[in-house]
Amino acid sequence: MTATLDRLADLELRHRHGWLLGLVALELLSAVAYFGLTSAQVTSVRYVVYPFVWITVGVWAVTAVDVSADAPRSHRVAAAVLAAAYFLVLAWLAGLVSVYSLGPGHSHSHLNGLQVAMVQPGWGPRVAYVTHVFHVYFVPYRAIGFLALAYLVYATVLDATGAALSGALGLVACVGCTFPIVAGLAAGVVGPGVAAAVTDYSVDLSTAVFLAAVALLVVRPGFRT
């Protein structure tokens with residue numbers, strides 16, 4: 001019986017790794033095709049790689065956690081509501097969703113309706129729906145990364161431990177979008193040179209914090225019973 005369970009676990013692990021390898025291959029192929037078939041040029045390798053890191057790690061994290069099957073319906077509903085709210089907060093702070101009267105954001109009076117921009121894979125295809133009242137942006141790597149964090153929060157809450165608190169770090173994953181605002185305030189204090197330097201590494205910092213948030217929500221150190 002034990003040997004059968006071990007064999008099934010090994011097959012599941014191989015299947016999971018196969019999916020991840022296929023995803024990485026698809027990402028590489030899409031990048032090669034985009035830069036090979038368009039006039040776009042690679043200005044920074046890390047900006048090509050970072051979106052794929054978010055997507056790959058996000059998909060891996062979702063497949064790596066086990067969702068409790070014993071939780072009552074009320075707990076599942078509460079966890080789902082919390083996870084949905086968590087995702088919306090991340091999306092709002094990152095500027096993916098904005099109601100102009102609430103900010104951040106501003107009214108795009110010259111734009112209205114659905115727009116699609118074909119940019120490099122991971123950053124795009126970028127889809128936007130804009131009105132005079134709100135906008136919704138779909139940036140693939142951000143959306144997938146935030147959805148993965150929300151799913152991890154859902155699974156963590158169902159674990160019935162205090163581990164959900166570690167998910168708060170995921171809020172900082174949108175640091176790449178909030179840094180321009182912080183840098184603008186900092187420019188008046190420390191000078192534009194320092195603020196510009198911080199902004200230049202905002203995507204690097206947001207990626208590092210995203211990885212840390214995923215790691216905490218998958219491993220949940222110190223919270224398991």
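A quick note: this is a predicted structure, and the numbers were derived from the prediction, not measured.

Caption draft 1: Expanded view of the pattern of salt bridges. Counting across every chain of the model gives one salt bridge. The closest approach of N and O atoms between D204 and R46, which form a salt bridge, is 2.7 Å. Taken together, the residues D204 in helix α7 (residues 202–219) and R46 in helix α2 (residues 45–64) connect sequence positions 158 residues apart. What makes D204 buried here is its relative accessible area of 17%.

Caption draft 2: Looking closely at the nonpolar core. Counting residues in hydrophobic clusters, the biggest one holds 32 residues, and the most contacted among them are F146, L149, L152 and V214. Listing elements by their share of this core, those giving two or more residues are α2, α3 (73–93), α4 (140–158) and α7. By residue number, the principal contributor to this core is α4, which donates nine residues. The residues contacting V214, other than those within four sequence positions of it, are V57, W60, A61, L149 and L152.

Caption draft 3: Broad picture of the packing of α4 against α7. Interaxial distance between α4 and α7 falls to 9 Å at its minimum, and their mutual angle equals 25 degrees. As far as their axial angle goes, α7 and α4 are roughly parallel. In the crossing of α4 with α7, the sense of the turn from one axis to the other is left-handed. Contacts from R142, G145, L149, L152, V153 and T156 of α4 reach α7 at S206, F210, A213, V214, L217 and V218.

Caption draft 4: Inspection of the sheet that holds strand β4 (residues 134–138) at higher detail. Taken in spatial order, the four strands of this open sheet run β1-β4-β3-β2, and their pairing is antiparallel. Two strands lie at the open edges of the sheet, namely β1 (97–99) and β2 (113–117), each paired on one side alone. Between one strand axis and the next, the sheet turns by 10 degrees as a mean value, whatever way the strands run. As paired elements, β1 and β4 share three bridges and run antiparallel to each other. Bridge pairing in β4 places S98 opposite H135.

Caption draft 5: Representation of the packing of α3 against α4 in the model. Running from N to C, α3 and α4 cross one another at 150 degrees; their axes reach a closest spacing of 8 Å. Taken together, the axis directions place α3 and α4 in an arrangement best described as roughly antiparallel. The element α3 and its partner α4 pack so that their crossing is right-handed. When α3 is examined against α4, the residues H75, R76, A79, A80, L82, A83, Y86, F87, L90 and A91 are found in contact with a partner set consisting of A143, F146, L147, L149, A150, V153, Y154, V157 and L158. Residue classes in the contact of α3 with α4 are distributed as 17 nonpolar, one polar and one charged.

Caption draft 6: Highlighting the environment of L216. Turning to its location among the elements, L216 is positioned in helix α7. In the structure, L216 is positioned 64 residues away from L152 in sequence and 9.7 Å away in space, judged by C-alpha atoms.

Caption draft 7: How the structure looks around unusual backbone geometry. For the peptide bond that leads from G124 to P125, omega is 5 degrees, which places it in the cis range. Relative to the elements of secondary structure, P125 occurs in the loop between β2 and β3 (126–130).

Parameters and conventions
Residues numbered from 1 in each chain as written. Predicted model: local features only at pLDDT ≥ 70, side-chain atom pairs only at ≥ 80, totals over all residues. Heavy atoms only, no water. Salt bridge = Lys/Arg side-chain N within 4 Å of Asp/Glu carboxyl O. Helix = DSSP H or I, 4+ residues; strand = E, 2+ residues; numbered from the N terminus. Buried < 20%, exposed > 50% of the residue type's maximum accessible area, 1.4 Å probe, protein only. Core = buried A, V, L, I, M, F, W, Y, C linked by side-chain atoms within 4.5 Å. Contact = heavy atoms within 4.5 Å. Axes fitted to C-alpha atoms, helices over the stretch in contact; angles between N-to-C directions. Parallel < 35°, antiparallel > 145°, perpendicular 65-115°, else oblique. Left-handed = near helix turned anticlockwise from the far one by under 90°. Pairing = 2+ DSSP bridges. Nonpolar A, V, L, I, M, F, W, Y, C, P; charged D, E, K, R; others polar.

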